[in-house]
Every structure is written in C-alpha cells, then in structure tokens.
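Each chain, letter by letter, is given below.
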Amino acid sequence: MTISNKEPTKVIRIGILGLGTVGQGTWKHLVCNAEFWPKILGVELIPTRASVRNLEKEREVSIESHQLTTDSHSIVDDPNIDLICELIGGVEEARELTLRAFAQGKSVVTANKALICEHGQELFKAAEDAGVGYGFEASVAGGIPIIKVLRESLVSNEFPLIYGILNGTSNYILTRMEKEGASFDQVLGDARDLGYVEADEALDLDGVDAAHKAVILAYLAHGIWVNLNEVTVEGIRRISNQDLKAAEDLGCRIKLIGVIRRNFSNNHVAVAVHPALIPLEETIARTDGVHNGVCLNGSVVGTVVLTGRGAGQDPTASSVISDLVDVVKHTREISSMPKLLHVSSSACSPASPEEIDGRFYLRLLVDDRPGQLAKIAECMADVGISLATVSQTPHENNEPASLILTTHQTNEHLISLALEKLKNLPGVMEEPVLFRMFDPNGVS
Ligand code: HSE
C-alpha cells in the first residue's frame, strides 16, 4: 500500500459583500489565478458567494445564480464561508457586518476608506480581540501598495512628511483642464461618463475621499486617529484654467493633495487635503490623469515616491487580493496580522494653525481703480504677511481685474486673518481664491 505524505489541499471559501466594480474584479482575478493559490499558499482560494442589490443585473463575471443573494448577513453567517471581503461601501451597514464577521472568527478584507476613517479604532481593536485579520490595503490609493509599504517595508522610519495625490477623479479633471484648456464642467461630464466619479460627487470634488485616506495614512504613520472635523478639507471646484496657467508661470502645477506633517519636537501632527501649487520637479506634480502618487519622506530611507492607478477595477482588486493572501498566510503561520509598528510610544496631538507654516497663492477679482492694490497689500501687511509676487490680468474698460498674489513664508492662522480682511475690503468682488504653495523642503 502506498501512503501519500501529501496533505489534501485545504479550501478557503470567500464571501464577497458587494459585487460592484471592485467585487467583480476580485472575483474575476481569484478565479483566473485559481491554480496559483495552492502553489503559494498551500490552500485554494475560492470565491463562493456574493451579495448584490439587484439579482437580475447583468454582470461581467460569470457567477451561478445560487451563489448570489441580496442578504449580506446570510454570507457572514454561512459556516461554509471562511473569509469575508467587505466591498459594499457606506459606513453603518459595513461596520455592523464587519463586527459580526469578527465575532464569528472570520477575517475581513475591505476597500472602505470612509469606514476605516470613522471607525478604524473600534474595528482594529475588535479584530485584535477576536484574533482575526483585518486587511485594508485597497482603502488608500487603489492599486498602490501604500499600507504594506508604510507598516512593513519602511518600519524603521519616522515620517516628518507624507504627501500626495489620493483621489484619481479630481486628478483626472485637473490634468485635462491643464493640458487641453477644457473647462471644469466639460471634464466633469466626461469623468461621469467614464464612471470615475463617486455616486456622491462631493466625495471626489470636495476632497472628502482624499481626507478619509489621509486620516488612515496619518494613523499608520503616527498612531493618531485624527477626527475628520480637525482636518482642513478643500476640493477642486474653485480651480480655474487661469489658476492652472498662473501656476505654470510660477514653475508649478496645481494638484489636490493630502498632506500629513509631523513636528517631532512638539509631537504635533497636521493633516490636510487641499489644492496646492507643486514645483514641477516633484514627481507628484507630474503624476497625471487618474493616477495617484504618494511621496513618503522617511527618516532612514529618505524620499520614496509611489505612483500608479489609484482607482478602478483591476488595480483595486489587486490590493484586495494581496490582503486576502496576507490574511490567509498570517492566520496559518501566526495568530494575527502584524501590529501597526509605526505607532509611536509618545502620543501626538493635532497642530494648531499658527504652527503650520507655508507660502500661499491668492487670486482676487477686484474693481480696477487707483489705490486698490495698495489697499490689498495693506490688508496683508496689517497681519504681518509679506507679498512675494503680484500680477494683474487687465480686463476691458471698467471690468474687474484679476489679481494674483503669492506670499512669502507665513502661517495658516495669519493667512486666514488676511482672508477675512480681504473678503470685507471694498472693491474685492468675490470670495478670494486661496491655494497653498507646497514646499517639500520647507517642512516645519
Ligand atoms: N473616487 C475615488 C478616486 C476612487 O477617484 O480616487 C478610489 O477611492
């Protein structure tokens, strides 16, 4: 009798909550690579069931009807399902399903940045208490493996500065406005047609999606859960073609960036999402289209820049599957996922506006009359801000003129005082437009 010493291949059955773009991509790539998983993991990974809103909808992956349900709970509770992918989006239902899966000893992988941003603290603790894994690589920057890089590859570093493009849709819009001179509304229409824009457009256009991701990166790098209300969040709606041209004249490009700065002398952390003029020599300034890019300034490694597709079916599925593989590996080899190693022993707290230094770009629509520029300069001087450059675009007779100013180094507190004065200054005809001038070397 021949006795085989080969153990039978174990099967891990995966339940996918939400079979939208990313869910279908995950299913597709798990199936396409089915022969590969036993070779690298010693187990088969089989997408087994998925929850959907509409059972009748046509889908690009072939799934038998008995594998679909409208009841996500039935998948979480199914004893045949070993692992859960939470890809339904939204916050409350996703939170409840995730906690329910943990309580049943099931690891969860997610792409849900809003959920982690709002409930990460609770969910990480619940996963740890339950001894299960919680993977969230796909929640930040789509296919770019930024979470793994931060918490594993760069573990010996501290990070005075992390910044980058964290929202593909807004980067697509800005790139086309800049390169083609197309209007915001025209490109937004195209972005909608291409399916880039979130159902709630404000998430992309007003910087909220990028802010969710910045909060997650701040936690990984500094161990602090910054409340979304404490994050400066500004979107791209006020960026005009004129601003993009003026930025080019200043040797810069305007990008919507997330910025996480830590001052190690007072342990203060500042998290912000806003448009910024970035010097052209920076890789992030040249990261275009739907791509994301993250620049990490590490205390040991120096500068590392990662760029790639930040959204979409295949790149995001790539990150989801990376987490699935990690969760399976770690649950087989050690009892839990690696701890977040960048959590510093010394607690940090949010920085105040006075502590956040920088230079600023201002565009003002003004009544073109004698002394107007002097009054504007006086508003700035009153709060101690010095102007670096001034340029005026003349308009036809009696029409308002556009004034573009840049400042010398000042801080967020003083510029907000100046802005208040400018808003109320006679002859200033609309709310001033303010962007930061990003200086990667001038980190306070
Ligand atoms: N709406 C997001 C973006 C998708 O445009 O980047 C990925 O979070």
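Residues numbered from 1 in each chain as written. Predicted model: local features only at pLDDT ≥ 70, side-chain atom pairs only at ≥ 80, totals over all residues. Heavy atoms only, no water.

To continue, consider the domain arrangement of the protein. By domain assignment, the protein separates into domain 1 (10-135), domain 2 (146-309 + 346-350) and domain 3 (356-437). If you average the C-alpha positions of domain 2 and of domain 3, the two centres end up 25 Å apart. Contact with domain 2, which involves 15 residues of that partner, is made by 16 residues of domain 3. Both sides of the domain 2 and domain 3 interface together cover about 1,300 Å² of buried area, and 57% of this is carbon and sulfur. Three residues stand out in domain 2 for area buried against domain 3, namely Arg238, Gln242 and Leu277, and they jointly supply 42% of the buried area on that side. Taken together, the links from domain 2 to domain 3 amount to three salt bridges. (Domains from an automatic or database assignment. Contact = heavy atoms within 4.5 Å. Buried area = accessible area lost by both parts, 1.4 Å probe. Salt bridge = Lys/Arg side-chain N within 4 Å of Asp/Glu carboxyl O.)

On inspection of all chains with the given rule, the structure shows zero disulfides. Just so you know, Cys252 is unpaired, no disulfide at all, and the nearest cysteine sulfur is the one on Cys295, 15 Å from it. Among the residues examined, Cys252 registers a relative accessible area of 8% and is labelled buried. (Disulfide = S-S within 2.5 Å. Buried < 20%, exposed > 50% of the residue type's maximum accessible area, 1.4 Å probe, protein only.)

Now for empty space enclosed by the protein. If you walk through the whole model with that rule in mind, you get two cavities of 30 Å³ or more. Within this model, the second largest cavity holds a volume of roughly 60 Å³. What lines the second largest cavity is a set of ten residues, and nearest its centre among them are Glu137, Ile147, Arg151, Asp323 and Asp326. Looking at the lining of the second largest cavity, the elements with two or more residues in it are α6 (146-153) and α12 (313-333). (1 Å grid on protein atoms, 1.4 Å probe; cavity = no way out; pocket = protein on both sides within 12 Å on 5 of 7 lines; lining within 4 Å. Points joined across faces, edges and corners; volume = space filled by probe spheres on them. Helix = DSSP H or I, 4+ residues; strand = E, 2+ residues; numbered from the N terminus.)

On to helix α5 (residues 113-130). With 18 residues, α5 ought to run about 26 Å at 1.5 Å a step, yet its terminal C-alpha atoms sit only 22 Å apart, falling short of that. Its axis deflected by about 85° at His119, α5 carries its strongest bend there. When α5 is considered as a whole, its buried residues turn out to be Lys113, Ala114, Leu115, Ile116, Cys117, His119, Gly120, Leu123, Phe124, Ala126 and Ala127. In this structure, the buried residues of α5 make contact with β4 (83-86), α4 (92-103), β5 (107-110), β6 (134-135) and α10 (208-222). (Expected span 1.5 Å × (residues − 1). Bend = angle between axes of the 7 residues up to and from the residue.)

Quick look at the nonpolar core now. Among the nonpolar cores identified, the biggest contains 79 residues, and Tyr134, Ile146, Ile162, Ile173 and Leu296 are the most heavily contacted of them. In this structure, Ile173 is in contact with Phe184, Val187, Leu188, Ala191, Leu205 and Ile236, ignoring residues within four places of it in sequence. Counting residues in hydrophobic clusters, the runner-up holds 28 residues, among them Ile12, Ile14, Val22 and Val320. (Core = buried A, V, L, I, M, F, W, Y, C linked by side-chain atoms within 4.5 Å.)

What follows concerns the side chain of Asn157. Among the secondary structure elements, Asn157 is positioned in the loop between α6 and β7 (161-165). Accessibility expressed as a relative area gives 5% for Asn157, which makes it buried. Engagement of the side chain of Asn157 in a polar contact is seen with the backbone nitrogen of Val300, the distance being 2.7 Å. (Polar contact = N/O pair within 3.5 Å; in protein donor to acceptor, adjacent residues only side chain to side chain.)

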